[in-house]
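# Summary of the model geometry
Listed below, chain by chain, are the residues.
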Amino acid sequence: MPPRFGALRLIFLLALRNVFRHRRRSVLTGMAIGVGLATVIFGDALWLGMFTRMIRGATHTFVGEAQVHREGWRKRRELEAVLTDPAALLQRLGADERVAAFAPRVLGSGMLASPRDLRPVLLVGVDPALEPGVSALHRVLAAGRYLTEEGRSEILLGAKLAEDLEVAVGDKIVVTTARAGSGELVQELFRIGGVVRFGIRQLDEGAAFTTLPNAQGLFGLGEGFHEVALRFREETTALEVMAGYWPTLAGPGNEAVGWPELLPEVRSILELSDFMLWIVVLLLFGIVSVGVMNTLFMSIYERQFEFGVLAALGTSPRSLGLLVMAEGGWLALLSALPGALLGACLGWWYGYVGIDYSGSEFAGVTILELIRPELHPRQFVLYPLALVAITLLASAYPALHVARRPPAETMRRGL
Amino acid sequence: MGNTLLRAEGVEKTFRSGAIEVQALRGIDLDLSQGEFAALKGPSGSGKSTLLHLFGGLDLPSKGTITLGGTPVTSMSGRELSDFRRDHIGFVFQAYNLIPVLTVTENIEYVMMLQGVPREERRERVAAILAEVGLAGLERRFPPQLSGGQQQRVAVARAIVARPDLILADEPTANLDSLNAAALLELMAALNRDHKVTFLFSTHDEAVFAMAKRLITLKDGRIEADQRREGAA
């Protein structure tokens, strides 16, 4: 039979008062629990902030949060595989409430020749007006100026590429490409309008950017283009599984994919980091639970005769065990509040001042902004609950120890 | 005396610690009647406390049977023993009787709360018993704020308030000065006289022997003498 409500209330009251019996010891154990929780909350907030920055770094630099291509283009990268019905696609994207910005692009291989050297490049044709909505091309200028719609025969080079070709802003350069369909070689003279530095090796070493009409002309694509990069109003849209949404967005013959598919290495790193965070959480909570177990054992060894008296008064073994578990539970609850508060303060403070890792490259992604820990309601529900659950679990062993010991033995010899 | 409350037949208790065996009780046969005021005497190690623990359901005998009010205690499970102690037995120990983090009222209420006695009735019974043991006005004090004598009075109040069949007192006066010890004994004698509460003491205290109506002497785990005395208490 479970203990009566009045008896339960008494047991919980007794447990609460027992927690305050040895204040110094309880405060020290509580501090360990609280600091453990604060560390976990802050750690999670830091990971979350870093993930957000990484994803933004990866998507907002150039890739975009999602892209639309002709089906199969991502595998074969054929010059001829332009998007089907591009006008309708752009119209659809413009009308979609979830899409904040989009930019069409042409992508093809070419050869750049300067008076000193020549290099193979990825030649990217962009719409100078729409591109800033999805990428940082206009913001990463190391020299010169951004592309203009009127800027016929102007080209931007990656910083390392310009260095390798030994050219600078204002110099002339020859671009050689093959035309779609015929494969006929075309050469055109461009003037270097600017030098860009993304902080991403592949782009800085091997990419050149010109206007969409220039690239369409060079590759003989007419009005066609290969890619539309997107940015959504909500960052999570790219992560959502929307079976009906992506095909509708892309239209027949085309495919739309989010960044997790476009950047599988980033996704893997994030998954691995998530797993590592859980390992850290488990380790921290494991250490805390051993501390709680130790405190409870110390406490029950000191009160051995008292447990005998409680048993003599008719307290059932189950209620004695419950008393010990309730003490662990109170300790966790009373420590969780200041712990969560400390975690929130740390998260808030570092969110305010930021942690400067800008410029560092991680998994091929350059962190452009300060890392700011992001606090989330989940951290203040999930982790305190997990902490209380783990503490209760840790209390179960001493509780079982107390419950199983015959009262006469407890009074005669101790626990 | 009639109305047998407690009966022990062939009770033996052996403690084992590794290869060492200690026989604490060797064939105890004893009847205790309703309303008795009896004392167990004997040297240390004679088995007094062990016998008290067995009678109180804190431990089980290695051999023999114990019945209280006709109910066999020796065949009860751990849970049944808890309920048995709660409903039928009151304990007074030598010291550390009270739960230090509970007030006087809460200490006395404890068993009644386990029994599920309604709050109002509990409060009435606490007030009445505190008046009877001379501690009215100390309801909100915690045990460390009481003298040793007051603490033992609270322990007696707690033992009798739940109206048990038998009160087992293990050296209740051992930690008290002679004045407090005499006052405590007088209180227990009065409860025995006025309310027919049955007491069984384990003690070395001559004052208890002087007041006991029955004196049971234990030696080496056996009953050496069992004397009934008229006019005591």
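Predicted, not measured: the structure shown is a model, and the values here were computed from it.

Bringing the overall build of chain B into the picture now. Counting its secondary structure elements, chain B contains seven helices and 10 strands. Computed over its C-alpha atoms, the radius of gyration of chain B comes to 17 Å, within 12% of the 17 Å expected for a compact globule of 233 residues. The buried share of chain B, reckoned over its 233 residues, is 46%. In chain B, of all internal contacts separated by at least 6 residues, the share reaching a separation of at least 24 is 70%.

The next point concerns unusual backbone geometry. Phi at Asp 85 of chain A takes a positive value of approximately 45°, unusual for a residue other than glycine. The class of Asp 85 of chain A is partly exposed, set by 13 C-beta atoms lying within 10 Å. The phi torsion at Lys 196 of chain B lies on the positive side, around 60°, for a residue other than glycine. In this fold, Lys 196 of chain B is placed in the loop between helix H6 (178-195) and strand E8 (198-202).

Facing the 22 residues of chain B at the interface are 20 residues of chain A. For the side of chain B that touches chain A, the elements supplying multiple residues, two or more each, are helix H2 (78-88) and helix H3 (104-115) of chain B. The biggest single contributor to the side of chain B that touches chain A is H2 of chain B, with six residues. Here the residues of the side of chain B that touches chain A are counted per class, giving 11 nonpolar, six polar and five charged.

Take H2 of chain B next. Each α-helix turn comprises 3.6 residues. Residues three or four places apart therefore point the same way. When H2 of chain B is considered as a whole, its buried residues turn out to be Leu 81, Ser 82, Arg 85, Arg 86 and His 88 of chain B. Looking at the buried residues of H2 of chain B, the elements they touch are helix H11 (304-312) and helix H12 (317-353) of chain A together with strand E4 (63-68), strand E6 (89-92), H3 and strand E7 (166-170) of chain B.

Annotation of chain A at the domain level lists domain 1 (5-58 + 267-413) and domain 2 (72-252). The distance between the C-alpha centroids of domain 1 of chain A and domain 2 of chain A comes to 52 Å.

All right, on to the sheet that holds strand E1 (residues 4-17) of chain B then. All names here are of chain B. With antiparallel pairing, the four strands of this open sheet are ordered in space as E2-E1-E4-E5. Of all the strands in the sheet, just strand E2 (20-33) and strand E5 (71-72) have a single pairing partner and so form its edges. Where E4 lies against E5, two bridges are found, and the strand directions are antiparallel. Counterpart to Leu 68 in the pairing with E5 is Thr 71.

Residue and element names in this part refer to chain B. If you walk across this open sheet you meet the six strands as E6-E7-E8-E3-E9-E10, and the pairing is mixed. The two strands at the open ends of the sheet, each matched to only one other strand, are E6 and strand E10 (222-228). On average, adjacent strands in this sheet sit at an angle of 20° to one another, irrespective of strand direction. In this sheet, E10 lies alongside strand E9 (residues 214-219) in antiparallel orientation, the contact comprising six bridges. When the bridges of E10 are listed, Ile 216 appears paired with Asp 226. Across the sheet, helix H5 (residues 148-161) touches E6 and E7, and the angle it forms with E6 is around 175°.

Residue and element names in this part refer to chain B. Taking 1.5 Å per residue as the helical rise, H5 with its 14 residues ought to reach 20 Å, and the 20 Å between its terminal C-alpha atoms agrees with that figure. Across the 14 residues that make up H5, a large majority, 12, are buried. Lining the buried residues of H5 we find E6, H3, helix H4 (119-132), E7 and H6. Looking one or two residues past H5, Arg 163 carries a phi angle of roughly 55°, positive in sign.

Residues and elements named next belong to chain A. Pairing geometry for strand E2 (residues 99-113) and strand E3 (residues 118-126), over nine bridges, is antiparallel. Following the sheet pairing, Val 106 is matched in E3 by Gly 125. In textbook terms, the turn of a hairpin is the stretch between consecutive antiparallel strands, and for E2 and E3 this stretch comprises four residues. Strand direction decides the pairing type here: E3 and strand E8 (residues 207-211), joined by five bridges, are parallel.

Further remarks concern the pairing of strand E5 (residues 154-158) of chain A. Residues and elements named next belong to chain A. Among the five residues of E5, five are classified as buried, and the element is accordingly described as predominantly covered. Taking every second residue as pointing to the same face, both faces of E5 are buried, with Glu 154, Leu 156 and Gly 158 on one and Ile 155 and Leu 157 on the other. The pairing of E5 with strand E7 (residues 185-196) spans five bridges and is parallel. Each residue of the ladder has a partner; that of Glu 154, found in E7, is Arg 191. Where E5 and E8 come together, two bridges link them in antiparallel fashion. Note that in E8 the partner of Leu 157 across the bridge is Ala 208.

Attention now goes to the packing of H5 of chain B against H6 of chain B. When two helices pack together, their arrangement is given by the angle between their axes and by how far apart the axes lie. All names here are of chain B. Interaxial distance between H5 and H6 falls to 9 Å at its minimum, and their mutual angle equals 15°. On the basis of their axis angle, the class for H5 and H6 is roughly parallel. Like other packed secondary-structure pairs, H5 and H6 cross with a definite hand, here right-handed. Residue-level inspection shows Gly 148, Gly 149, Gln 152, Arg 153, Val 156 and Ile 160 of H5 in contact with H6, the latter providing Asn 180, Ala 183, Leu 184, Leu 187, Met 188 and Leu 191.

Turning to the environment of Gly 217 of chain A, a few remarks are in order. Residue and element names in this part refer to chain A. The residue Gly 217 is located in helix H7 (residues 212-219) in this model. Gly 217 sits in the partly exposed class, given 19 other C-beta atoms within 10 Å. The sequence separation of Gly 217 and Glu 163 amounts to 54 residues, and the corresponding C-alpha distance is 27 Å.

What counts, and at which threshold
Residues numbered from 1 in each chain as written. Chains lettered and ligands numbered in written order. Predicted model: local features only at pLDDT ≥ 70, side-chain atom pairs only at ≥ 80, totals over all residues. Helix = DSSP H or I, 4+ residues; strand = E, 2+ residues; numbered from the N terminus. Rg over C-alpha atoms; globule rule 2.2 N^0.38 Å. Buried ≥ 20, exposed ≤ 12 C-beta atoms within 10 Å, placed from the backbone. Contact = placed C-beta atoms within 7 Å. Nonpolar A, V, L, I, M, F, W, Y, C, P; charged D, E, K, R; others polar. Domains from an automatic or database assignment. Pairing = 2+ DSSP bridges. Axes fitted to C-alpha atoms, helices over the stretch in contact; angles between N-to-C directions. Expected span 1.5 Å × (residues − 1). Parallel < 35°, antiparallel > 145°, perpendicular 65-115°, else oblique. Left-handed = near helix turned anticlockwise from the far one by under 90°.

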